[in-house]
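Secondary and tertiary structure notes
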Amino acid sequence: MEQLILELKEHLIEELNLEDITPEEIDAEAPLFGDGLGLDSIDALEIILILEKNYGVRLANTAEAKPVFYSVKTLAEYVMQNRK
Amino acid sequence: MRCFVGKIVTHEEVQSDLKQLIPDAALRRRMSRVVKMAVSTAVECLGGVAEIPRVDAILTATGWGCLADSEKFLRNLITEQEQLLNPTPFIQSTFNTVGGQIALLGHNHCYNLTYVNRSHSFEDALLDGMMRLADGESRRVLLGAFDEMIPSLETITRRMGWWRHHTAGEGSCFMTLTPEREADSVAQVVQLDFPIEELSAEECRVRYATTPDAELIYCDATYEELYPTRSAARFSEAVQRIKAGTKEVVLYNNCMGMRPTVLVLQWLG
């Protein structure tokens, strides 16, 4: 789980061009959108692609996106449960 | 039809830190190299993001557009077999990205247009600006030009023989234009003539110079460093000459395969 969280943080930094941020500085339990990393709807689309390209994980329905995309930890849990 | 040139800045003259010029981290992190180069030049020209709302037209010109993001998007299209395409390179690859980012930074929803007409792009944008000022539709125009070179384009065009006698170039240049002389005015554009037939340096001088002291900046196919909006940087050079004391500069642009253009700049008198 810890390794997956680190990997996800690295993907987020790389794909979202989070300048001057290291994986250690991202709190795995902090919100990704709004207050935390301050991501927006375009980033949400990029995260969908990160999950699909790297883990073969597809969101079955958009209603589940909000809790899944809450933090790096919730993303990691979703990947653990659904990866192929 | 004439207009006055206020502050003019090329990307080489940008002094301030990028984070200071573009404080919005969310906008900044999505910008490619050329977008950062052009937007930072624009903001430096205006003297800060807070000044963006003071312009009532944003005009940008580019011959090649945002090449790096266009290439990224097209490569993705091939490697991902038209599936799973990242939205950011597509959004950022459009030619009007720079104009849009300036507007977003300054929350300025004014007239905003990008001209993409190869080596006439800058002149077309300038003509639009001059017409808006002459018609009273704008009081302060932000006008800029930008182009970037990327390794793959340089390789392709080198194979085509473009760089036997020239160097592949890139750059950005922004300026403010007003209909009347302002405190920051440094020169005036008194004539913009295009397209015209090819002229020699002497013919140019005879046809356009109004004073024997006029200086000529003559850019033809033998000019050494090329990119489509190179004439904007030459325009900046003409303004610098006016600031240094020259009373009139005739700028002839005949680069990169379109018909020539002529601009005449004069001192403020």
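Worth saying up front: this structure is predicted, and the values here are computed from it rather than measured.

Remarks on the overall build of chain A
Counting secondary structure elements, chain A contains four helices and zero strands. Helices and strands in chain A line up, N terminus first, as α-α-α-α. Computed over the C-alpha atoms, the radius of gyration of chain A is 12 Å, within 12% of the 12 Å expected from 2.2 N^0.38 for a compact globule of 84 residues. If one aligns the C-alpha atoms of chain A with their principal axes, the spans along those axes are about 35 × 25 × 20 Å. The buried share of chain A, taken over its 84 residues, is 39%. When contacts within chain A are restricted to residue pairs at least 6 apart in sequence, long-range pairs at least 24 apart make up 54% of them. A total of about 4,800 Å² of accessible surface is found on chain A, and carbon and sulfur atoms cover 50% of it. Each charge class in chain A can be summarised by its mean position, and for the 7 positive and 18 negative side chains these summaries are 10 Å apart.

Some words on helix H10 (residues 230-243) of chain B
All names here are of chain B. Spanning 14 residues, H10 covers 20 Å between terminal C-alpha atoms, matching the ideal 20 Å at 1.5 Å per step. All of the buried residues in H10 are Arg 230, Ser 231, Ala 232, Ala 233, Arg 234, Phe 235, Ser 236, Ala 238, Val 239 and Ile 242. Positive phi appears at Gly 245, one or two residues downstream of H10, with a value of about 125°.

With respect to the pairing of strand E2 (residues 57-61) of chain B
It is a general feature of regular strands that their side chains alternate between the two faces of the sheet. All names here are of chain B. E2 sits mainly inside the fold: five of its five residues count as buried. Here E2 shows a buried face lined by Ala 57, Leu 59 and Ala 61 and a second buried face lined by Ile 58 and Thr 60. By the bridge criterion, five bridges tie E2 to strand E3 (residues 111-115) in an arrangement that is parallel. From the neighbouring strand, Ala 57 faces E3, where its bridge partner is Tyr 111. Here five bridges tie E2 to strand E4 (residues 141-147), and the two strands are oriented parallel to one another. Bridge assignment links Ile 58 to a residue of E4, and that residue is Leu 142.

Quick word on the interface of chain B and chain A
In this complex, chain B contributes 13 residues to the contact, which on the side of chain A involves 16 residues. Scanning the region where chain B abuts chain A turns up five salt bridges. With its nearest N and O atoms 2.7 Å apart, the salt bridge here joins Asp43(A) to Arg29(B). Here chain B and chain A share nine residue pairs in polar contact (both at pLDDT 80 or more) between them. Of all elements in the fold, only helix H2 (25-30) and helix H5 (87-93) of chain B reach the threshold of two or more residues within the side of chain B that touches chain A. Tallying contributions element by element places H5(B) first for the side of chain B that touches chain A, with four residues. Split into classes, the residues belonging to the side of chain B that touches chain A amount to five nonpolar, three polar and five charged.

Notes on the pairing of E4(B)
Residue and element names in this part refer to chain B. With seven of seven residues buried, E4 lies mostly within the body of the structure. The alternating pattern of E4 places Val 141, Leu 143, Ala 145 and Asp 147 and Leu 142, Gly 144 and Phe 146 on opposite faces, both of which are buried. Bridge analysis of E4 against strand E6 (residues 171-178) gives seven bridges, and the strand direction is antiparallel. Across the sheet, the residue bridging to Phe 146 is Ser 172, located in E6.

Here's the deal with the domain arrangement of chain B
Residue and element names in this part refer to chain B. Structurally, chain B comprises domain 1 (3-178) and domain 2 (187-266). Just the C-alpha atoms count here: the centres of domain 1 and domain 2 sit 22 Å apart. In this complex, domain 1 contributes 35 residues to the contact, which on the side of domain 2 involves 30 residues. It is Ser 119, His 120 and Glu 123 in domain 1 that bury the most area against domain 2; as a group they hold 23% of the surface buried on that side. Joining domain 1 to domain 2, the criterion identifies 10 residue pairs in polar contact (both at pLDDT 80 or more). Secondary structure elements with two or more residues in the side of domain 1 that touches domain 2: strand E1 (3-10), helix H7 (121-134), E4, strand E5 (167-168) and E6.

Points about the sheet that holds E3(B)
Residue and element names in this part refer to chain B. Judged by pairing direction, the sheet is mixed, and its nine strands sit side by side in the order E3-E2-E4-E6-E1-E7-E11-E10-E8 without closing on themselves. A strand with exactly one partner marks an edge of an open sheet, and here the two such strands are E3 and strand E8 (215-219). The average angle at which neighbouring strand axes cross in this sheet is 25°, direction not considered. Relative to E6, helix H3 (residues 33-46) is tilted by about 30°, and along the sheet it contacts E1, E4 and E6. In the packing of H7 onto the sheet, contacts are made with E1, E2, E3, E4, E6, strand E7 (187-193), strand E10 (248-253) and strand E11 (261-266), and the angle to E2 comes to roughly 160°.

A closer look at the pattern of salt bridges
What the rule picks out here adds up to 19 salt bridges over all chains. With a shortest N-O distance of 3.0 Å, Asp43(A) and Arg30(B) are connected by a salt bridge. Separated into two different chains, Asp43(A) in helix H2 (residues 41-55) and Arg30(B) in helix H2 make up a pair that spans both. Across the salt bridge formed by Arg140(B) and Asp184(B), the nearest N and O atoms sit 3.1 Å from each other.

What counts and how
Throughout, residues of each chain are indexed from 1 in the direction in which the sequence is written. Here the convention is simple: chains get letters from A, ligands get numbers from 1, in the order in which they are written. Owing to the predicted nature of the model, reporting of local features is limited to residues with pLDDT of at least 70; listing and counting of side-chain atom pairs is limited to 80 or more, with chain, interface and lining totals taken over all residues. To get the side-chain values, all heavy atoms of the structure are used, and hydrogens and water are removed first. Strands here mean DSSP runs of E at least two residues long; helices mean DSSP runs of H or I at least four residues long; both are numbered from the N terminus. Taken over C-alpha atoms, the radius of gyration is set against a globule rule of 2.2 Å times the number of residues to the power 0.38. Each residue is placed in one exposure class: buried if its accessible area under a 1.4 Å probe, protein chains only, is under 20% of its type's maximum, exposed if it is over 50%, and partly exposed if it falls in between. By the convention used here, residues are in contact when the closest approach between their heavy atoms is within 4.5 Å. Each accessible area is a Shrake-Rupley result for a 1.4 Å probe, and residues are judged covered by the shown protein chains and nothing else. The sign given to each residue is positive for Lys and Arg and negative for Asp and Glu; His and the chain ends receive no count. The atoms used to mark charge sites are NZ of Lys, CZ of Arg, CG of Asp and CD of Glu. What a helix is expected to span follows from its residue count: subtract one and scale by 1.5 Å. Any two strands with at least two DSSP-identified bridges between them are counted as paired. Whenever a carboxyl oxygen of Asp or Glu lies within 4 Å of a side-chain nitrogen of Lys or Arg, that contact is scored as a salt bridge. Any pair of N or O atoms that falls within 3.5 Å is considered a polar contact. Within protein, one atom must be able to donate a hydrogen and the other to accept it, and sequence-neighbouring residues count only if both atoms are side-chain atoms. Note on residue classes: Ala, Val, Leu, Ile, Met, Phe, Trp, Tyr, Cys and Pro are nonpolar, Asp, Glu, Lys and Arg are charged, and everything else, Gly too, is polar. Where each domain starts and ends follows an automatic or database-derived domain assignment. Here the buried area means the combined drop in accessible surface, using a 1.4 Å probe, for two parts upon being joined, counting both sides. Every angle, taken between N-to-C directions, lies between 0 and 180 degrees, and every axis is a line fitted to C-alpha atoms, over only the stretch in contact when it is a helix.

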